[in-house]
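Residues per chain are reported as follows:
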Amino acid sequence: MVGALYLHIPFCARKCAYCDFASWATPAGDALMGAYACALGEQLEEAASLGLLEGCETAYVGGGTPTLLGEKDLGRLVEKIVAVAAPSELTCEANPDSLSDEVLLAVREAGATRLSIGVQSLDDGELRELERLHDAACARERVEAAVATGLEVSVDLMCATPGQTPASWDRSLKGAVALGVGHVSVYPLQIEEGTPLDCRFADDPCAWNDPEVQAERMTEAQVALEARGYHRYEVASYARAGKECRHNKAYWTGSPYLGLGTGASSMLDLEGYLRLRLRCPRLPRPPEDAVRARLTVETGRRELAADPRLSALSLSLEFLNEDQAVAEDLMLGARLVEGLRPELVVRARELFGARLDDTVDALLARGLLAERDGRLVPTEQGWLLGNELYGALWGLAPGEVASARC
Ligand code: SF4
C-alpha cells in the first residue's frame, strides 16, 4: 500500500541558528518525549491494522532529533516499526551530541539498518556560527563509533555557511570520507526568514551564501567525493556502490509513503486515502478526478501525545489529478542522476501531447536537461537552476491543486 514510512520526532536539545523545521527545544528527560513516542507506536499499529503498511520497504525516523528520545524510547519505537512494517531499510536520524553508545546499541538491536548523522561541518568555527551543539571532535568520535557498530552510516554536510572557505569545506568533505561512511549528503545553507541566523545577518549581503558560492561549493563536493569513490545519484546525495538511501529514492520516484508525527507529510494513492478515510470519516471525499492525496499532520506534539487516534489528527490536504501527479513525478525525477523513467515520459506525452515536447525542447536548448542513453537527465546547470527546471516540468499540469483541511 505504501512503499515508505516516515516518523517525525519534533524534539531538539536546542534550536540551531538556521532551523525552521518542525522541532522544538525540549529539556532532556521531558516526559512528553516518551508519551509522544508511545503515541506514534499506537498510530503505527492503527495504520497497520488498516493495511496501509503492507509492502512497506523502507522506514525513516527523522526530526528534529530522534536520538534525543534516548535508548529506551527510540529502541521501542524502532522495534515497533519492525514489528508492524518489517522494512528492509530502516534509518534513524541522529545528532552527534545525543548519539550515545547506549542509543547506538539500542537502535541496532531493535532492527535499524542505517544512521543519518547531522554533522554539518568538521570545523569548530563553522559549527559555532550555526549554533550546533557538537564540536568537530565529538562529531568525528560519534561517527566512528556508529561505523564500528556495522550499521550503514550517512553524514549530512552543509555548505555556503558563515565563515566557510573552500579550504575548510574541503577539510569537512575529506574528513567525513576518512571516517569510513558509505553515504554523504551535501546541502547549501538556506537562510530562512525569521530564524536567528536571518536576524543576525539582516544588514549583511551574506556573500558567503550567494547562489554562485553555493554552486561552487556543490561542485567542489562533487569533485572531492567522486574522486574518493562516491557516486552522485541525486542532486544532494553521494554513495559508495550499493549504499544509496532507498527511502529517499522512494520519494523521488513517486512511491506512496505514509508520514506520522507532527508536521509529517504523506503521499497516498487513492486506494490508500480511501482506506484511511474509512477510519477517519472527517476526511473529505476526494474530487472525482483525484489520483493522489498529500496530507500533512497539523496536530501539535502535545495534542498528538494526548490522543494518538488517527481519527483525531488535524490534517491539511491536497488532491492531485493525473496530470498533476505525472507532472509532480517528472519534477521529482529530475532530481535524480538517472533522470526521467521512460515509461513516465511516455505517459506524460499521452497526457500533455505537444506541450511536453515543447517544454523538453526548451529545457534541452537551455542546457537544463540532456539526453543520455535514450533518457532525459538533468544537467549540472539544471540542478543549479533547479527552480526553473522543476518549475517548467510542474507547469505542464494546468489548474490549481485542490486543497482542504480537516
Ligand atoms: S538539530 Fe536539526 S531539527 Fe534540530 S534544531 Fe538543529 S537543524 Fe533543526
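Scope of this entry: the structure provided in the associated data block. Given the structure is predicted, the values throughout are model-derived calculations rather than measurements.

This next bit is on unusual backbone geometry. Gly 64 follows Gly 63 through a cis peptide bond whose omega is 20 degrees. The backbone of Ala 160 shows a phi angle near 60 degrees, a positive value even though the residue is not glycine. Considering the arrangement of structural elements, one finds Ala 160 in the loop between β7 (152-159) and α6 (166-178). With relative accessibility at 1%, the residue Ala 160 sits in the buried group. Phi at Asp 373 is positive, roughly 50 degrees, even though this residue is not glycine. Mapped onto the fold, Asp 373 is located in the loop between β15 (369-372) and β16 (375-378). For Asp 373, a relative accessible area of 76% puts it in the exposed group.

If you check the shell around the ligand, you find Cys 12, Arg 14, Lys 15, Cys 16, Tyr 18, Cys 19, Phe 21, Ser 23, Gly 64, Thr 65, Asn 95 and Arg 132 and nothing else. For the shell around the ligand, the per-class residue count stands at 5 nonpolar, 4 polar and 3 charged.

Let us now look at the packing of aromatic side chains. All told, the structure shown has 5 aromatic pairs when counted by the stated rule. Pairing Tyr 6 with Tyr 60 gives two aromatic rings, centres 6.2 Å apart and planes at 25 degrees, and the pair type is stacked. Remark: Tyr 60 occurs in strand β4 (residues 58-63) and Tyr 6 occurs in strand β1 (residues 4-9); sequence separation between them is 54 residues. Summarising the burial analysis for this pair, Tyr 6 and Tyr 60 share the class buried.

A few words now on the pattern of salt bridges. The full count for this structure, using the stated rule, is 29 salt bridges. With its nearest N and O atoms 2.8 Å apart, the salt bridge here joins Arg 347 to Glu 322. With Arg 347 in helix α13 (residues 342-352) and Glu 322 in helix α12 (residues 322-333), this pair connects stretches of sequence that are 25 residues apart. On the accessibility criterion, Arg 347 (29% relative accessible area) is partly exposed. Two residues, Arg 349 and Asp 357, come together in a salt bridge whose shortest N-O distance is 2.9 Å. The class for Asp 357 is partly exposed, based on a relative accessible area of 29%. Shared partners join several salt bridges into a network, and the residues in it are Arg 292, Arg 294, Glu 318, Glu 328 and Asp 329.

Here α6 contains 13 residues, and its C-alpha end-to-end distance of 18 Å stays within 8% of the 18 Å for a straight helix at 1.5 Å per residue. Among the residues of α6, Ser 168, Trp 169, Ser 172, Leu 173, Gly 175, Ala 176 and Val 177 are the ones counted as buried. Taken together, the buried residues of α6 touch α4 (124-130), β7, β8 (183-188) and α8 (211-226). Looking at the residues trailing α6, positive phi occurs at Gly 180, about 90 degrees.

Moving on to the packing of α13 against helix α14 (residues 354-365). Packing of α13 against α14 brings their axes to within 6 Å, and their N-to-C directions diverge by 120 degrees. By the angle between their directions, the pair α13 and α14 is classed as oblique. From α13, Val 345, Ala 348, Arg 349 and Phe 352 reach across to α14, where they touch Ala 354, Arg 355, Leu 356 and Asp 357. Split into classes, the residues belonging to the contact of α13 with α14 amount to 5 nonpolar, no polar and 3 charged.

Quick look at empty space enclosed by the protein now. Under the defined criterion, the tally for this structure stands at 3 cavities of 30 Å³ or more. Within this model, the largest cavity holds a volume of roughly 110 Å³. Forming the boundary of the largest cavity are 16 residues, of which Leu 258, Leu 260, Ser 266, Leu 276 and Leu 313 lie nearest the centre. Within the residue set of the lining of the largest cavity, elements represented by two or more residues are β11 (257-260), β12 (265-269) and β13 (290-297). Tallied by class, residues from the lining of the largest cavity come to 13 nonpolar, 3 polar and no charged. Here the second largest cavity is characterised by a volume of approximately 50 Å³. If you go around the second largest cavity, the residues you meet are Trp 252, Thr 253, Gly 254, Asp 329, Gly 333, Leu 336, Glu 338, Gly 339, Leu 340, Arg 341 and Leu 344. Residue composition of the lining of the second largest cavity, grouped by class: 4 nonpolar, 4 polar and 3 charged.

Each value, and the rule that gives it
Residues numbered from 1 in each chain as written. Predicted model: local features only at pLDDT ≥ 70, side-chain atom pairs only at ≥ 80, totals over all residues. Heavy atoms only, no water. Helix = DSSP H or I, 4+ residues; strand = E, 2+ residues; numbered from the N terminus. Buried < 20%, exposed > 50% of the residue type's maximum accessible area, 1.4 Å probe, protein only. Near = heavy atom within 4 Å. Nonpolar A, V, L, I, M, F, W, Y, C, P; charged D, E, K, R; others polar. Phe/Tyr/Trp six-rings, centres within 6.5 Å; stacked < 30°, edge-to-face > 60°. Salt bridge = Lys/Arg side-chain N within 4 Å of Asp/Glu carboxyl O. Expected span 1.5 Å × (residues − 1). Contact = heavy atoms within 4.5 Å. Axes fitted to C-alpha atoms, helices over the stretch in contact; angles between N-to-C directions. Parallel < 35°, antiparallel > 145°, perpendicular 65-115°, else oblique. 1 Å grid on protein atoms, 1.4 Å probe; cavity = no way out; pocket = protein on both sides within 12 Å on 5 of 7 lines; lining within 4 Å. Points joined across faces, edges and corners; volume = space filled by probe spheres on them.

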